Amino acid sequence: MTWLATVDPLFVHGHVSGIDILILLIRLLVGFGALMGAVTMMIWFERKAISDMQSRIGPQRWGPFGILQTLADGLKLFFKEDLIPDQADRFVFKLAPYLALVPAIITFAIIPVGGTIHIAGHAVMLQIANPPIGILLMLAMSGISVYGVMLAGWASGSKYPLISAVRASAQMISYEAALGITIVTVVLITGSLSTHNIVLSQGGEIWHWNVIRLGFVPFIIFWIAITAELNRPPFDVVEAESELVGGFNTEYSSVRFALFYMAEFMNTITMSAMIVTLFFGGPAGWVPPVSHLRWIFPILWFVVKTIIFCFCYVWFRAALPRFRYDQVMDLGWKRLIPLSLGWMLVVAGFIIKPAWGLLMAAAVLFASVVLGRAFVLGRSRETGAESVLPPIGQRPLPGHVLRAFTDKEEVEE
Amino acid sequence: MIATNYAIPDFVIFATSTILILVGALGVITLKNPVHAALSLIMTLFGVAVAFVAQSADFLAAAQIIVYAGAIVVLFLFVIMFLGVGYGSKSDVEPLVGQRGFAIAGVVITIGGLIALMASSHWVTGATSVTGPLAKGQGNVKQLGTAVFTTYLYAFEATSLLLVIAVVGAVLLARRERATTREATDETSDEEVGS
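So, how was this worked out
Residues numbered from 1 in each chain as written. Chains lettered and ligands numbered in written order. Predicted model: local features only at pLDDT ≥ 70, side-chain atom pairs only at ≥ 80, totals over all residues. Heavy atoms only, no water. Helix = DSSP H or I, 4+ residues; strand = E, 2+ residues; numbered from the N terminus. Buried < 20%, exposed > 50% of the residue type's maximum accessible area, 1.4 Å probe, protein only. Contact = heavy atoms within 4.5 Å. Areas by Shrake-Rupley, 256 points an atom, 1.4 Å probe, with all protein chains shown as cover. Disulfide = S-S within 2.5 Å. Salt bridge = Lys/Arg side-chain N within 4 Å of Asp/Glu carboxyl O. pLDDT = per-residue confidence, 0-100. Expected span 1.5 Å × (residues − 1). Phe/Tyr/Trp six-rings, centres within 6.5 Å; stacked < 30°, edge-to-face > 60°. Core = buried A, V, L, I, M, F, W, Y, C linked by side-chain atoms within 4.5 Å.

On to the overall build of chain B. Tallying secondary structure elements over chain B gives 6 helices and 1 strand in all. Moving toward the C terminus, one meets the helices and strands of chain B in the order α-α-α-α-α-α-β. For chain B, the proportion of its 195 residues judged to be buried stands at 17%. Counting contacts in chain B only where the partners sit at least 6 residues apart, residues at least 24 apart contribute 49% of the total.

Secondary structure assignment for chain A yields 15 helices and 3 strands. Residues classed as buried in chain A amount to 46% of the 413 residues present. Here the contacts in chain A between residues at least 6 apart in sequence split such that 74% fall between residues at least 24 apart. Of the roughly 20600 Å² of accessible surface on chain A, 71% is carried by carbon and sulfur atoms.

Residues and elements named next belong to chain A. Taken as a whole and judged by the stated rule, the model has 0 disulfides over all chains. Cys312 supplies the cysteine sulfur nearest to Cys310, a cysteine that is in no disulfide, at a spacing of 9.2 Å. Judged by relative accessible area, Cys310 falls into the buried class, the value being 7%. Relative accessible area serves as the criterion here: at 11%, Cys312 is assigned to the buried category.

Time to look at the pattern of salt bridges. All names here are of chain A. As enumerated under the stated definition, the model contains 9 salt bridges over all chains in all. Residue Arg317 pairs with Glu46 through a salt bridge whose shortest N-O separation is 2.4 Å. Residue Arg317 is located in helix α12 (residues 296-319), and its partner Glu46 is located in helix α2 (residues 18-53); the two are separated by 271 residues in the primary sequence. Since its relative accessible area comes to 25%, Arg317 is described here as partly exposed.

Once that is clear, we can look at the confidence of the model for chain B. Residues with a pLDDT of 70 or more make up 71% of chain B, whose mean pLDDT is 77. Predicted confidence for residues 181-195 of chain B stays below pLDDT 50, and this span has 14 contacts to residues more than four positions away or in other chains.

Turning next to α12 of chain A. Taking 1.5 Å per residue as the helical rise, α12 of chain A with its 24 residues ought to reach 34 Å, and the 34 Å between its terminal C-alpha atoms agrees with that figure. Packing partners of the buried residues in α12 of chain A comprise α2, α9 (217-230) and α11 (254-279) of chain A.

Geometrically, a pair of aromatic rings is defined through the distance of the ring centres and the angle of the planes. All names here are of chain A. Under the criterion given, the structure shown has 20 aromatic pairs over all chains. On the numbers, 6.1 Å between centres and 80° between planes, the contact of Phe219 with Phe309 is edge-to-face. In this pair, Phe219 is assigned in helix α9 and Phe309 in helix α12, connecting sequence segments 90 residues apart. Phe309 gets classed as buried once you look at its relative accessible area, which sits at 7%. Residues Tyr313 and Phe316 carry aromatic rings whose centres are separated by 6.1 Å and whose planes lie at 90° to one another, so their mutual orientation is edge-to-face.

This next bit is on the nonpolar core. Residue and element names in this part refer to chain A. By size, the foremost hydrophobic cluster in this structure holds 107 residues, and its most contacted members are Met138 and Phe222. By residue number, the principal contributor to this core is helix α5 (residues 135-155), which donates 15 residues. With near-sequence residues (within four places) excluded, Met138 lies in contact with Thr107, Ile110, Leu179, Ile183, Phe222, Ile226, Met271 and Met274.

Residues and elements named next belong to chain A. Pro233 connects to Pro234 through a cis peptide bond whose omega is 0°. Turning to its location among the elements, Pro234 is positioned in the loop between α9 and α10 (241-244). Here the phi dihedral of Ser55 falls at roughly 55°; this positive angle occurs in a residue that is not glycine. Looking at the secondary structure, you find Ser55 in the loop between α2 and α3 (69-78). Not every positive phi belongs to a glycine, and Phe216 is a case in point at roughly 60°. In this structure, Phe216 sits in the loop between α8 (210-213) and α9.

Residues and elements named next belong to chain A. Within the fold, Arg167 resides in helix α6 (residues 159-190). The exposure class of Arg167 is buried, given its relative accessible area of 16%. Apart from the residues within four sequence positions on either side, Arg167 is in contact with Val237, Ala240, Glu243, Leu244 and Tyr325.

Structurally, Gly143 of chain A can be placed in helix α5. Classification of Gly143 of chain A as buried rests on a relative accessible area of 0%. Excluding its chain neighbours within four sequence positions, the residues that come into contact with Gly143 of chain A are Glu176 of chain A together with Gly70 of chain B.

Residue and element names in this part refer to chain A. The terminal C-alpha atoms of α5, which comprises 21 residues, lie 31 Å apart, in line with the 30 Å expected from a rise of 1.5 Å per residue. Burial runs high along α5: 21 of the 21 residues are buried. Looking one or two residues beyond α5, the residue adopting positive phi is Gly157, at roughly 65°.

Written as structure tokens, this is what we have:
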């Protein structure tokens, strides 16, 4: 159990005592409670801010400025009838909301909310967990959250949710590549996967923040990619109301719908916090020279930075029109992935030696000229069904057998 | 033999991961609905990831989830959803002649080999690996990266080359396009099933 000490300073003594467990439990509960509270606030904030931007009044009935509106909505959803469509796959239909919510909660666990504080001689990290794989946990969880959307759409047994699910999973997988490569640049400059170390290496002055050290481009790519991962505007082709009724959660009602809704906003908060952690120093910032106030200022900095990004997401929703689906795919595959790859090579080169960095930059420039030429050629190409030739070779089963097979099945149905 | 090599918490983790792996694997081959089978596959992959963590191969566990559960099984589901494969049992059709016989032979050889391995050597004990202990003060990722990019560099590059060839080949086989200028028009009337 010695490896525990490298993960969390609580266990540095080598044995686990009762008070350690207690601190761990309190940390868990406070983290969970804070996240849940933040979600209700975020939903209220988004509705209120957008209604202000659109010259509407927005929620105003319950509590000052309608601040308890989310609680009222939650209560209403709990008492609504829980419908499962006739054509639905019942088990998967019930499973899907949890597959959306659980990754959202787990990802928040690796975000450092503040520095390390001392309670009764125990060093306590203001972070629920600090696993050795660190930031990879976030990638793994965003991989799992694809299933929530995908299975929800499929299990509904309805056409529009299925289209939405296929769109969503294609989009999320496409942007995961660019996301992963930009995270690699952060990991390269930190030399560690752990979010705790990523934040520590950005402590100090503002030019130690990764957004400046890495030269803005990775931050921009990460921001775009994470917005697409969240399926938030302008990347919300997943729930394009004008085309798909309501997206993958059309057939969901009651508590299950509430779970999806909560997962969406929880992800928004977590990913804003993740941007702050990776690029804006997390809890780094000015701390007053008063010893009793020293611990609270990092938390305040973290919260302020996160709220700024949360506001940006709300702003996007109010201000930006939705992308067309082919534009989403073009941006992901043709622009962001090559750009993030090239930038990663340049960063890696500069970390070894400036000469290598310049060499890499030259190589990347050459590659982008080639790529640009390929884009031009691709644009002048003839497209459409007529330009595609039949595939080479024989299918395992000849055409008439396959056709007879499918015809028979249609009769059975 | 297994229990003596383990402390109690380790044994619980080992048992959990084994149950996950076996139940998932059985689900993949027994469930009628292909989507349910794919979900069981995810369960197996998770079990393998848990086993990796128990062997303190954290990076491998993360890669397992990100690559297999997060991308490859999603692609499986993608294909299943696009083709709209239903509940209907199609086990009476053999797309490749003699497929079933080869499959049975493969299973017998694999299981026989595993039993022979377990009987003849001490490899399959369930104990933590001691062939390559984790160096002190070095992270999992660092050690793995050093091994991959120095000792096994050629194997690594050969693997990536193989993957590129596979991708290019798949695109070429699946989608042949006419040259930019159209010359033949009679071929467009041909209709191929499944194209």
